[in-house]
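# Summary of structural features
Below, each chain spelled out in residue letters.
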Amino acid sequence: MASLPKDLLICILCHLPVKPLLQFRAVSKSWRHLFDSPVFVHLHLKNSIGTGSNLALILQKDSVLYSVELDLLNDPVELAHPLMCYSHRIQVLGSCNGLLCIANVAEDIAFWNPAIRQHKFLPFLPAEPNKNSGSSYLGARVYGFGYDQVHDDHKLVRISQFINLRNDGFVSKVKVYSLRENELRDSEDMPYVLCYTKKNGTLASGCLHWVVNRKFKFDDADLIVAFDLTVERFREVPMPECAVEKFQIDVGVLGGCFCMVANYYDIHVDVWVMKEYGVKESWAKLFTVEQDVIFFGGTFKYLRPLAYSKSGEEVLLEQNHDRLVWYDLRKKKIKNVNLAGLPAPFEAHICVGSLVPAEVNREDNEKQQNLGAEKIKSKKRRSDCTLDDMLG
């Protein structure tokens, strides 16, 4: 290994899963420094996301979390999460860059990287005061977790929706917690009503997404709204040209692209993919599943795409929170995934294995910023200079 060119060595290491990297970390101080450096952490994460490798399914049932390697689809392995469960369920608020945001019934919240077993407990996030307590109540509280690439900041968004009993009005208050600043701040109110009061935000293209309506009585058609994590503003996502029949909307992410599930109740389900985020014309219907397709145990009430197979010819689906199935895009057939010990019911989340720390290392970040400033000043264009320094 020592005789290999440094660039080639870095390239090889960036393609490895987290587990062997943690083992190599004990080889020497220089290797430990390399794997802890923001540059290598970023390169490893970028490679994993770009190649769709090092992915795991995180399955949540009650107070237990399980992990299943997506490439192997091995039997679920129980994870030792850092929160007290108080005999109640653990909730996964979101997954981003290898970090899970989890919460318990006491609203203790933590950012947790299960691959490197590192976590950070968030400071207590006080509830918004109800200014009209006599006429309104808290109708919903949902979260969203994601990454602001411009400011290199992981953020947790909380939406608290208050319903006015007198006039059917509503107010959706929004707060944002910044990991980099370690602070909770107010953001603009969301001028929409949540359609699903227990569904957290879906992260795609630097935005968190919810299915909403403009009116409390849901007289209008449902919409998809996006919260941009960089500018911290809401905007509507253009919808695909669907059939005129009424359908139920759900949102997800597939292969890094934002997707929409249109459920026409007892007829069929359409899965749409937005190939270029924010561009209405880029919506494409990926596949349709007819209700009369045999679905191992009955009809489907809930169907959500999770990931592509390595070949890209199949899509892994979560069905009715109690089973996983492959959908063959070419043959248009369903195949059950048989896992021993699969918990049911469950909620599934995709998590990439990464070295991203749950804590912000301010000293390392300042060094990286200073190093970047020096590189700009000297107009050096060698992309490997920081890696050479790390390896000595």
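So, how was this worked out
- Residues numbered from 1 in each chain as written.
- Predicted model: local features only at pLDDT ≥ 70, side-chain atom pairs only at ≥ 80, totals over all residues.
- Heavy atoms only, no water.
- Helix = DSSP H or I, 4+ residues; strand = E, 2+ residues; numbered from the N terminus.
- Buried < 20%, exposed > 50% of the residue type's maximum accessible area, 1.4 Å probe, protein only.
- Contact = heavy atoms within 4.5 Å.
- Areas by Shrake-Rupley, 256 points an atom, 1.4 Å probe, with all protein chains shown as cover.
- Pairing = 2+ DSSP bridges.
- Axes fitted to C-alpha atoms, helices over the stretch in contact; angles between N-to-C directions.
- 1 Å grid on protein atoms, 1.4 Å probe; cavity = no way out; pocket = protein on both sides within 12 Å on 5 of 7 lines; lining within 4 Å.
- Points joined across faces, edges and corners; volume = space filled by probe spheres on them.
- Core = buried A, V, L, I, M, F, W, Y, C linked by side-chain atoms within 4.5 Å.
- Nonpolar A, V, L, I, M, F, W, Y, C, P; charged D, E, K, R; others polar.

## Observations regarding the overall build of the chain
Check the secondary structure of the chain and you find six helices and 25 strands. Among the 392 residues that make up the chain, the fraction classed as buried is 47%. Put simply, of all contacts in the chain between residues at least 6 apart along the chain, 48% involve residues at least 24 apart. Split by element, the accessible area of the chain, about 20000 Å² in all, is 52% carbon and sulfur.

## Concerning the sheet that holds strand 1 (residues 55-61)
Taken together, the four strands give an open sheet; going across it, the order is 3-2-1-25, and neighbouring strands pair in antiparallel fashion. Each edge of the open sheet carries a strand with a single partner, namely strand 3 (77-79) and strand 25 (347-352). Each neighbouring strand pair of the sheet contributes to a mean axis angle of 35 degrees, computed without reference to strand direction. Bridge analysis of strand 2 (residues 64-69) against strand 3 gives three bridges, and the strand direction is antiparallel. In the sheet register, Ser 67 faces strand 3, and the bridge partner there is Val 77.

## Some remarks on the sheet that holds strand 8 (residues 136-148)
If you trace the four strands from one edge of the open sheet to the other, you get 8-9-10-11, paired in antiparallel fashion. Strands with a single pairing partner mark the edges of an open sheet, and in this sheet they are strand 8 and strand 11 (183-186). Between one strand axis and the next, the sheet turns by 20 degrees as a mean value, whatever way the strands run. Pairing geometry for strand 8 and strand 9 (residues 153-164), over twelve bridges, is antiparallel. Paired with Leu 138 across the bridge in strand 9 is Phe 162.

## A short note on empty space enclosed by the protein
Under the counting rule described, the total for this entry stands at one cavity of 30 Å³ or more. Looking at the largest cavity, the residues that line it are Cys 195, Tyr 196, Lys 199, Asn 200, Gly 201, Thr 202, His 209, Trp 210, Val 211 and Val 251. When residues in the lining of the largest cavity are grouped by element, the largest group, three residues, is from strand 14 (residues 207-213).

## Structural notes on the nonpolar core
Core analysis: the largest hydrophobic core is formed by 31 residues, its most contacted members being Leu 13, Phe 40, Ile 109, Phe 111 and Leu 156. Residue assignment for this core shows that the elements contributing at least two residues are helix 1 (6-14), helix 2 (18-24), helix 3 (29-36), helix 4 (38-51), strand 4 (91-96), strand 5 (99-103), strand 6 (109-113) and strand 8. Top contributing element to this core by residue count: helix 1, with four residues. Every residue in contact with Leu 156, bar those within four places of it in the chain, is listed here: Leu 93, Cys 101, Ile 109, Phe 111, Leu 122, Leu 125, Tyr 143, Gly 144, Phe 145, Lys 175, Val 176 and Tyr 177. Listed in part, the 18 residues of the second largest apolar core include Cys 207, Val 211, Val 251 and Trp 283.

## As for the layout of surface pockets
Quantified by volume, the second largest pocket comes out at close to 830 Å³. Taken together, 27 residues form the lining of the second largest pocket, with Lys 19, Ser 67, Glu 69, Pro 114 and Ala 115 sitting closest to its centre. Looking at the lining of the second largest pocket, the elements that each hand over two or more residues are helix 2, strand 1, strand 2, strand 3, strand 6 and strand 25. Each residue belonging to the lining of the second largest pocket can be placed in one class, and the counts come to 16 nonpolar, six polar and five charged.

## Structural notes on unusual backbone geometry
Trans is the common state for peptide bonds, and a negative phi is the common state for residues other than glycine. For the peptide bond that leads from Ala 344 to Pro 345, omega is -5 degrees, which places it in the cis range. Mapped onto the elements of the fold, Pro 345 is located in the loop between strand 24 (333-336) and strand 25. Residue Asn 54 is not a glycine yet carries a positive backbone phi of 60 degrees. Positionally, Asn 54 belongs in the loop between helix 4 and strand 1.

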